Amino acid sequence: MTQTLSRETEGTQIPATPARSALSLAVSDYRVLIGRNIKHITRNPEMLIQAVSLPIVLLLLFRFMFGGAINLPGMNYIDYLIPGLIVISVGFNSTSTVVGVSADLTNGLVERFRSMPMAGSAVLVGHVVSGVLRSMLSLVVMVAVGLAIGFRPGGGVLGWLGAVGLLVLFATGVFWLATLLGSIAKTVEGASGLGMILVFVPYATSALVPTASMPSVLRVIVDNQPVTVLIDAARHLMNGSALGATGWLALAWWIPITVLAAVLTVRKFHQRATV
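Residues numbered from 1 in each chain as written. Predicted model: local features only at pLDDT ≥ 70, side-chain atom pairs only at ≥ 80, totals over all residues. Heavy atoms only, no water.

### Side note on the overall build of the protein chain
Helix and strand content of the protein chain: 10 helices and zero strands. Sequence-ordered secondary structure for the protein chain, helices as α and strands as β, is α-α-α-α-α-α-α-α-α-α. A burial count over the protein chain gives 47% of its 275 residues as buried. For the protein chain, long-range pairs separated by at least 24 residues make up 81% of all intrachain contacts whose partners lie at least 6 apart in sequence. Taken as a whole, the protein chain presents about 14,200 Å² of accessible surface, with 68% of it coming from carbon and sulfur. (Helix = DSSP H or I, 4+ residues; strand = E, 2+ residues; numbered from the N terminus. Buried < 20%, exposed > 50% of the residue type's maximum accessible area, 1.4 Å probe, protein only. Contact = heavy atoms within 4.5 Å. Areas by Shrake-Rupley, 256 points an atom, 1.4 Å probe, with all protein chains shown as cover.)

### Some remarks on the confidence of the model for the protein chain
Overall, the prediction assigns the protein chain a mean pLDDT of 83, with 84% of residues at 70 or greater. Segment residues 1-10 is flagged for pLDDT under 50; beyond a separation of four residues in sequence, or across chains, it makes three contacts in the model. (pLDDT = per-residue confidence, 0-100.)

### Digging into the packing of helix 6 (residues 157-184) against helix 9 (residues 226-239)
Look at helix 6 against helix 9: their axes get within 7 Å of each other, and the N-to-C directions meet at 160°. The angle between helix 6 and helix 9 places the two elements in the roughly antiparallel class. Seen along the crossing, helix 6 lies across helix 9 with a hand that is left-handed. In this structure, helix 6 contributes Gly159, Trp160, Gly162, Ala163, Leu166, Leu167 and Phe170 to the contact, and helix 9 contributes Val227, Leu230, Ala233, Ala234, Leu237 and Met238. Residues that form the contact of helix 6 with helix 9 fall into these classes: 11 nonpolar, two polar and no charged. (Axes fitted to C-alpha atoms, helices over the stretch in contact; angles between N-to-C directions. Parallel < 35°, antiparallel > 145°, perpendicular 65-115°, else oblique. Left-handed = near helix turned anticlockwise from the far one by under 90°. Nonpolar A, V, L, I, M, F, W, Y, C, P; charged D, E, K, R; others polar.)

### A word on the pattern of salt bridges
According to the stated counting rule, one finds two salt bridges in the structure shown. A salt bridge links Arg235 to Asp232, with the nearest nitrogen and oxygen atoms 3.2 Å apart. Of this pair, Arg235 and Asp232 both sit in helix 9, three residues apart, roughly one helical turn. Residue classification places Arg235 among the buried positions, given a relative accessible area of 5%. (Salt bridge = Lys/Arg side-chain N within 4 Å of Asp/Glu carboxyl O.)

### Points about helix 5 (residues 122-148)
Helix length check: helix 5 (27 residues) gives 39 Å between terminal C-alpha atoms against 39 Å at 1.5 Å per residue, within 8%. Within helix 5, 20 of the 27 residues are buried, leaving the element largely enclosed by the surrounding structure. One or two residues past the end of helix 5 sits Gly150, with phi positive at roughly 120°. (Expected span 1.5 Å × (residues − 1).)

Given below as structure tokens:
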């Protein structure tokens, strides 16, 4: 006769599953979704081209085709150019995030995630963090190529740490804005069009040329818009020139922009996800 014994009758007990805090569970969800988006980057040639090849093409184009026509007192054009091109590359990289968030919302992926016990904001955090990492890859590539063709920044270690910190803050704000546009877009095609906003805004700045030659009204607008302020601050820090008030102004612009964009994105995303 076969006898079935329970664990209790055998004198053993099932160990209790250790309780995990809500923060620990959320961090675990964020890690999984960040990993998902990083895998998309490594397996998607278009994203890698956008993150690596495009910055190189832009740098070589402006350095050798237009650099000889622009004279800057006390500074080589390439030293002026690279901080602006890093910001422009962040705008280019953000378009894939706009499309990715819209695709997640329209292709049914978010509905599948909603059936799981996971933090709702993990999808957004995954897109933002992977986008910032992609932009930092562009920064490393552009600086490396720039050093090979004449980039000689005069900023010290602290200056570079400050510049990279500002650029990370900027990229975080831009990618939260990208997720917001992706949450607003009704279709993936529409998301692609909305993403062009983030591509073209950095061109209306001091990224490529000084503002002194611009018409007076345009110059006032360009000098005081948040992207220009950040580019000027990063440029001063990288090249070791006087920072002035641009550093504080960049923080005063981009910390509120990042926080507001994150709050609005989470709210809009949840509205779309529960419809």
